[in-house]
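Close look at the chain arrangement
Here are the chains, one letter per residue:
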Amino acid sequence: MATGTEQGTLGYEQARDELIEVVRRLEAGGTTLEESLALWERGEELAKVCRHWLEGARARLDASLAAERAEEEAEGEAG
């Protein structure tokens, strides 16, 4: 199973692809209750990894846009 350190080692695309496979297996059925629970738990961990990556990407975009706006405002005041 995944651990908290996995967020730093598992890439977004890898986590997303594995999550897709977990969902596919759960939807297909035919697993025991124990297997289904293990898949569900793995899916939750993978979803956390994906959220972590997406939140980081959002923060980087927001910071970039804020810096761009600040630069434009500084240029406007100087001109």
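Here goes a summary of the coordinates provided. Note that the structure is a prediction, hence the values are computed from the model and not measured.

Cut-off values and rules
- Residues numbered from 1 in each chain as written.
- Predicted model: local features only at pLDDT ≥ 70, side-chain atom pairs only at ≥ 80, totals over all residues.
- Heavy atoms only, no water.
- Salt bridge = Lys/Arg side-chain N within 4 Å of Asp/Glu carboxyl O.
- Helix = DSSP H or I, 4+ residues; strand = E, 2+ residues; numbered from the N terminus.
- Core = buried A, V, L, I, M, F, W, Y, C linked by side-chain atoms within 4.5 Å.
- Buried < 20%, exposed > 50% of the residue type's maximum accessible area, 1.4 Å probe, protein only.
- Contact = heavy atoms within 4.5 Å.

1. Some thoughts on the pattern of salt bridges
- Applying the stated criterion across every chain, the model contains four salt bridges.
- Between E18 and R42 there is a salt bridge, with its nearest N and O atoms 2.7 Å apart. With a gap of 24 residues between them, E18 in helix α2 (residues 12–28) and R42 in helix α3 (residues 33–78) connect regions that are remote in the sequence.

2. Quick word on the nonpolar core
- The biggest cluster of nonpolar side chains holds seven residues, and these are L10, A15, V22, L39, L46, V49 and C50.
- Elements that contribute at least two residues to this core include exactly α2 and α3.
- Residue contributions to this core peak at four residues, all from α3.
- Apart from residues lying up to four places away in sequence, V22 is in contact with L39, R42, G43 and L46.

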